[in-house]
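# Notes for the structure review
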Amino acid sequence: DIQMTQSPSVLSASVGDRVTLNCKASQNINKYLNWYQQKLGEAPKLLIYNTNNLQTGIPSRFSGSGSGTDYTLTISSLQPEDVATYFCFQHNSWPLTFGSGTKLEIK
Amino acid sequence: EVQLVESGGGLVQPGRSLKLSCAASGFTFSNYYMAWVRQAPKKGLEWVATISTSGSRTYYPDSVKGRFTISRDNAKSSLYLQMNSLKSEDTATYYCARHDFDYWGQGVMVTVSS
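Residues take numbers from 1 onward in each chain, read along the sequence in its written order. Think of it this way: whatever chain is written first is A, whatever ligand is written first is 1, and the rest follow in order. pLDDT decides what is reported in this predicted model: residues at 70 or higher carry local features, side-chain atom pairs at 80 or more are listed and counted, and totals for whole chains, interfaces and linings draw on all residues regardless. Remark: hydrogens and water are excluded; side-chain values derive from all non-hydrogen atoms of the structure.

### Describing the interface of chain A and chain B
Contacts: residue pairs with any heavy atoms within 4.5 Å of one another. Each partner contributes residues to the interface: chain A has 14 residues there, and chain B has 16 residues. Summed over both partners, the accessible area lost on bringing two parts together, with a 1.4 Å probe, is the buried area. Contact with chain B buries surface across chain A, with A:Pro44, A:Trp94 and A:Phe98 losing the most and accounting together for 40% of the total. Salt bridge, as used here, is a side-chain nitrogen of Lys or Arg placed within 4 Å of a carboxyl oxygen of Asp or Glu. Counting across the chain A and chain B interface gives 0 salt bridges. Any N or O atom pair separated by 3.5 Å or less is treated as a polar contact, with the protein-specific requirement of one donor-capable and one acceptor-capable atom, and with residues adjacent in sequence counted only for side-chain atom pairs. At the boundary of chain A with chain B, the tally comes to 3 residue pairs in polar contact (both at pLDDT 80 or more). Among the secondary structure elements, those contributing two or more residues to the side of chain A that touches chain B are strand S4 (33–38) and strand S9 (84–90) of chain A. Here a strand is any run of E in DSSP of at least two residues, a helix any run of H or I of at least four, and the numbering for each starts at the N terminus. Here the side of chain A that touches chain B gets 3 residues from one element, more than from any other, and that element is S4(A).

Listed below in structure tokens is the structure:
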């Protein structure tokens, strides 16, 4: 199984900061990597698919990059509404697996 | 507008069975692979099952293989998850999703406890 490791587990930043979340796969996932935002009590929301494609309706301050085993979600200017847990997800091979999440807080 | 609405959750004793349903609308259901994903309380996400457009192919992780069965009725635009031999570790919110994992339902809670 492919293990997805996210770092940090908790990130505290100020409004307006540039924020970077990391996701490392235990083997090459060929850019089949999605990012999700989950707010308390809600279903996950797709932000980025296949590494760097912004889902329709998602603000352009969100972007993704990476290749091979290492992937990054960047928020260019953190907003109060971005408080949430962020999950990465590989759909390159079975079983499909999620990272354990990064909880993003506002300082 | 794409909508996925789960139902059928509740409290069930260990070893018993439960069947979840997901009603889909706003897209051509028969054109999409569909999936179930679960999330234990205050935990991360776990993919549970995927089914092909016709239902002829299904995929499961080892944690549920042999106990859970995903199925679909394209005429009713509905997805199902039959869960047998339930364990306490199956306690979670279960989400129905398109296999593109772009649209998700609101989730339904399943609690396995005596």
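### Brief notes about the pattern of salt bridges
Inspection of every chain in the model, using the stated rule, returns 8 salt bridges over all chains. A salt bridge links A:Arg61 to A:Asp82; its shortest N-O distance comes to 2.7 Å. Taken together, the residues span a long stretch of sequence, with A:Arg61 in the loop between strand S6 (53–54) and strand S7 (62–67) and A:Asp82 in the loop between strand S8 (70–75) and S9 at a distance of 21 residues. Assigned by exposure class, A:Arg61 and A:Asp82 land together as buried. Across the pair B:Arg38 and B:Glu46 runs a salt bridge, and its minimum N-O distance is 2.7 Å. The buried label applies to any residue whose accessible area, calculated with a 1.4 Å probe on protein chains only, is under 20% of its type's maximum; exposed applies above 50%, and partly exposed to all values in between. A relative accessible area of 6% places B:Arg38 in the buried class.

### Observations regarding the sheet that holds strand S1 (residues 3–7) of chain B
Residues and elements named next belong to chain B. The criterion for strand pairing is that DSSP finds at least two bridges linking the strands in question. Read across the sheet, 4 strands follow the order S1-S3-S8-S7 without closing on themselves; strand pairing throughout is antiparallel. Edge strands, defined here as strands with exactly one partner in the open sheet, are S1 and strand S7 (68–73). Along the sheet, successive strands turn relative to each other by an average axial angle of 15 degrees, direction set aside. Both S1 and strand S3 (residues 18–25) contribute to a ladder of 5 bridges, which runs antiparallel. Bridged to leucine 4 within S3 is alanine 24. Under this scheme, a helix contributes an axis fitted over its contacting stretch, all axes are lines through C-alpha atoms, and angles between N-to-C directions fall in the 0 to 180 degree range.

### Concerning the layout of surface pockets
Over the atoms, a rolled probe matching the size of one water molecule traces out where space is still vacant. Volume-wise, the largest pocket comes out at about 560 Å³. If you list the elements that add at least two residues to the lining of the largest pocket, you get S9 and strand S11 (102–106) of chain A together with strand S9 (92–98) of chain B. Size it by volume and the second largest pocket reaches roughly 360 Å³. In this structure, the second largest pocket is lined by 16 residues; those nearest its centre are A:Pro44, B:Val2, B:Asp102, B:Tyr103 and B:Trp104. Residue assignment for the lining of the second largest pocket shows that the elements contributing at least two residues are strand S5 (45–49) of chain A together with S1 of chain B. In the cavity and pocket records, a cavity denotes points on a 1 Å grid over the protein atoms alone where a 1.4 Å probe fits but cannot get out, a pocket denotes an open set with protein on both sides within 12 Å along at least 5 of 7 lines, and lining residues are residues with an atom within 4 Å of a point. Grid points are joined across faces, edges and corners, and a volume is the space filled by probe spheres set on the points.

### Brief notes about the state of the cysteines
In this description, the term disulfide denotes a pair of cysteine sulfurs within 2.5 Å. Within this structure, the stated rule accounts for 2 disulfides over all chains. There is a disulfide in this structure between A:Cys23 and A:Cys88, and the S-S distance comes to 2.1 Å. Judged by the sign of its S-S torsion, about 70 degrees, the cystine formed by A:Cys23 and A:Cys88 is right-handed. One end of the pair, A:Cys23, is in strand S3 (residues 19–25); the other, A:Cys88, is in strand S9, with 65 residues separating them in the sequence. When sorted by exposure, A:Cys23 lands in the same class as A:Cys88, which is buried. Here B:Cys22 engages in a disulfide with B:Cys96; their sulfurs sit 2.1 Å apart. Across the S-S bond linking B:Cys22 and B:Cys96, the dihedral sits near -65 degrees, which makes this disulfide left-handed. Here B:Cys22 is found in strand S3, whereas its partner B:Cys96 is found in strand S9, with 74 residues between them in sequence. You'll find B:Cys22 and B:Cys96 in the same group, each marked buried.

### With respect to unusual backbone geometry
A cis amide bond links A:Ser7 with the next residue in sequence, A:Pro8, at an omega value of -10 degrees. In this structure, A:Pro8 sits in the loop between strand S1 (4–7) and strand S2 (10–13). Across the junction of A:Trp94 and A:Pro95, the peptide omega takes the value -10 degrees, indicating a cis bond. Inspection of the secondary structure puts A:Pro95 in the loop between S9 and strand S10 (97–98). Phi is positive for B:Phe101, which is not a glycine, with a value near 55 degrees. With respect to the helices, strands and loops of the structure, B:Phe101 is situated in the loop between S9 and strand S10 (108–112).

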